[in-house]
Every structure is written in structure tokens, then in C-alpha cells.
Amino acid sequence: MTVHFIGAGPGAADLITVRGRDLLARCPVCLYPGSLTPTDLLANCPEGARLVDTARLTLEAILDELTGAHARGQDVVRLCSGDPAVYSAVAEQMRRLDAAGVPYEVTPGVPAFAAAAAVLNRELTVPTVAQSLILTRVQARSTAMPEGEDLATLAASGTTLALHLAINRIEQVVEELLPHYGADCPVAVVAQASQPAQRVLRGRLDEIAQQVRDAGITRAATVFVGKVLAAENFPDSFLYSAGRERRDQPGPV
């Protein structure tokens, strides 16, 4: 039997992948993060399925559920908010499943930063303005950041940033980024992207902290920083340009 780590997407029930929804519909056990999983999504589970909210469970308790389902010969879904590849804490679960000899598969999902960019109607890689994106977080009540991945070091590149788990340290974020991006750098905050309570803030780096506090946003928010957020006068992409050579048939390797 198999454990399925499935990206549940950013919040809206219909932003799970078709593959994820189909797996959810046939697995008799589902573990899900209660505060981040919409009820409509769990409605895809088969009748009589065992539904386990992991919000208050320890890692050991979660693994007991996963290995217990395997021992009973049951496929089990482990839902992860967003995409399992980013800030999902699945690595330690996989490590323990490997040690226990329990097979697992991963189904990707829509990550929070992608859903937030969609809300903003923004491409984050615009010709001559921005061709890179750094996904990172801020040190808070969590594991320490690796050496060289502190915010000030990453900011020295001037690259577009997508900050997760940073909204409650917004003043710290502004303080560390100002020397590298400047006071007038465009910033956007998207809270609870794709959900009914979705909110969007736009402004300058030197004013965004006050906007966040005035709005009372304290959770489930992505903070974007970079010139690409206000880019308008940029050249068209070479991808569809008239000067690009096109071939009707694939040429020789």
C-alpha cells in the first residue's frame, strides 16, 4: 500500500490537481492540516473514510497514522497545503517512511506564491526587469536559517523576493531590505490567496509595514518585493518575436 503526499493547493478546493482529487476520492484514510484545508476539499473523500486532522498532532503521531494505515493494507493521503516541495515538512516524514519500508508518492500542488501572483495578475519573470525569483522565509519560532540564507544576504542580489512565514516580522523584513531595494521599491502582500477571506495590499517598501498592521493581517500571507511588481515599459519576450526562427518539424539533434 502507498502513502500519497498530495499538494492541496493554496486554499480553494478547486485548485487541487485532477490527480490529487482522484487519489483523494479513492483512499480510505486522509490526514489533513485542519486550519488550512477547506471542508469542500474533504468532501471528495470516499464515504466512511478515516479523516485525521493533524493540526495538533506530533510528528510521531502522524507517522503512527501513516504506518498504521499501511499495516492495515490501506492507501492513505497526506494532504499538504500548497505544494509539498516548499515548506511542507514532508522531508522528515519521508525519511521515517523510508526507514519503516513504507512506499510513498508525491503529487504536486499549486504553491502559495503562484496563487498569490495570479491574484496580482502579475508575471514574476519579465524581460530585462526580472528573470529570477527567490522563495524564502524569515527566522521566527522555527528552525534556524542555513548560513548564507539570511534575508540581508539574499537581498544583496536585488532579485524579486517571495517571502513566506514573514508577515508577523514585517518590520524586520523592511529594515533588512531597505538598504538593498530602496524605500520606493514596490511591495505586494496577498493574504489567504484564492480563499473567501483573500486580501491584497500594494505599496512601497517603506510604507508596507504600517499597511499590514492597519489591515490586521497576521497569517497565511505571501510578501512580494521587487521592481517587477510595477513593470510596464519592458520589451516583448523573444519567445513570440517575429525574428525568432521557427521550424514546422523538429530538426536533427
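Residues numbered from 1 in each chain as written. Predicted model: local features only at pLDDT ≥ 70, side-chain atom pairs only at ≥ 80, totals over all residues. Heavy atoms only, no water.

Under an unreviewed UniProt entry, the name given to the protein chain is Precorrin-4/cobalt-precorrin-4 C11-methyltransferase, and the source organism is Amycolatopsis cihanbeyliensis. The protein chain has a UniProt comment under Pathway (unreviewed entry) that states "Cofactor biosynthesis; adenosylcobalamin biosynthesis." UniProt lists a comment for the protein chain under the heading Sequence similarities (unreviewed entry), and it reads "Belongs to the precorrin methyltransferase family." (UniProt positions renumbered as here; feature names shortened; annotations may be inferred.)

Draft legend 1. Just the domain arrangement of the protein chain, in detail. By the assigned domains, the protein chain splits into domain 1 (3–107) and domain 2 (112–230). Distance from the C-alpha centre of domain 1 to the C-alpha centre of domain 2: 28 Å. Contacts between domain 1 and domain 2 engage eight residues on the former and 10 residues on the latter. A combined buried area of about 650 Å² lies between domain 1 and domain 2, and 64% of that area is made up of carbon and sulfur atoms. Taken together, the connections running from domain 1 to domain 2 amount to zero salt bridges. Summed over the shared surface of domain 1 and domain 2, the result is three residue pairs in polar contact (both at pLDDT 80 or more). The residue makeup of the side of domain 1 that touches domain 2, split by class, is six nonpolar, two polar and no charged. (Domains from an automatic or database assignment. Contact = heavy atoms within 4.5 Å. Buried area = accessible area lost by both parts, 1.4 Å probe. Salt bridge = Lys/Arg side-chain N within 4 Å of Asp/Glu carboxyl O. Polar contact = N/O pair within 3.5 Å; in protein donor to acceptor, adjacent residues only side chain to side chain. Nonpolar A, V, L, I, M, F, W, Y, C, P; charged D, E, K, R; others polar.)

Draft legend 2. Representation of the layout of surface pockets within the structure. The space that makes up the largest pocket amounts to roughly 1400 Å³. Taken together, 47 residues form the lining of the largest pocket, with L36, S81, Y87, L165 and A220 sitting closest to its centre. For the lining of the largest pocket, the elements supplying multiple residues, two or more each, are α3 (59–71), β4 (76–80), α4 (91–100), α5 (112–120) and β10 (221–225). Top contributing element to the lining of the largest pocket by residue count: β4, with three residues. The class makeup of the residues in the lining of the largest pocket is 24 nonpolar, 16 polar and seven charged. Counting contributing residues, the lining of the largest pocket receives three or more from each of domain 1 (3–107) and domain 2 (112–230). (1 Å grid on protein atoms, 1.4 Å probe; cavity = no way out; pocket = protein on both sides within 12 Å on 5 of 7 lines; lining within 4 Å. Points joined across faces, edges and corners; volume = space filled by probe spheres on them. Helix = DSSP H or I, 4+ residues; strand = E, 2+ residues; numbered from the N terminus.)

Draft legend 3. Main features of the side chain of Q192. Relative to the assigned elements, Q192 resides in the loop between β8 (186–191) and β9 (199–204). Relative accessible area serves as the criterion here: at 18%, Q192 is assigned to the buried category. Not counting chain neighbours up to four residues away, the residues in contact with Q192 comprise A197, Q198, R219 and A220. (Buried < 20%, exposed > 50% of the residue type's maximum accessible area, 1.4 Å probe, protein only.)

Draft legend 4. A look at the packing of aromatic side chains. Evaluated as defined, the whole model comprises one aromatic pair. Geometrically, the ring pair formed by F5 and Y104 is edge-to-face, given 5.9 Å between the ring centres and 80 degrees between the ring planes. Highlighted residues: F5 in strand β1 (residues 3–7) and Y104 in strand β5 (residues 104–107), separated in sequence by 99 residues. Judged by relative accessible area, Y104 falls into the partly exposed class, the value being 24%. (Phe/Tyr/Trp six-rings, centres within 6.5 Å; stacked < 30°, edge-to-face > 60°.)

Draft legend 5. Fine view of unusual backbone geometry. Here the phi dihedral of A89 falls at roughly 60 degrees; this positive angle occurs in a residue that is not glycine. Along the chain, the position of A89 falls in the loop between β4 and α4. On the basis of relative accessible area, A89 is assigned to the partly exposed category, the value being 40%. One non-glycine residue, Q192, adopts positive backbone phi at about 50 degrees.

Draft legend 6. The arrangement of the sheet that holds strand β2 (residues 29–32) in detail. What the five strands build is an open sheet, ordered β3-β2-β4-β1-β5; its pairing is parallel. Only two strands of the sheet have a single neighbouring strand rather than two, namely β3 (50–53) and β5. Across the sheet, the mean angle from the axis of one strand to that of its neighbour is 20 degrees, orientation sign disregarded. Bridge count for β1 against β4 is five bridges, and the pairing is parallel. Considered in β4, the bridge of H4 is made with V77. (Pairing = 2+ DSSP bridges. Axes fitted to C-alpha atoms, helices over the stretch in contact; angles between N-to-C directions.)

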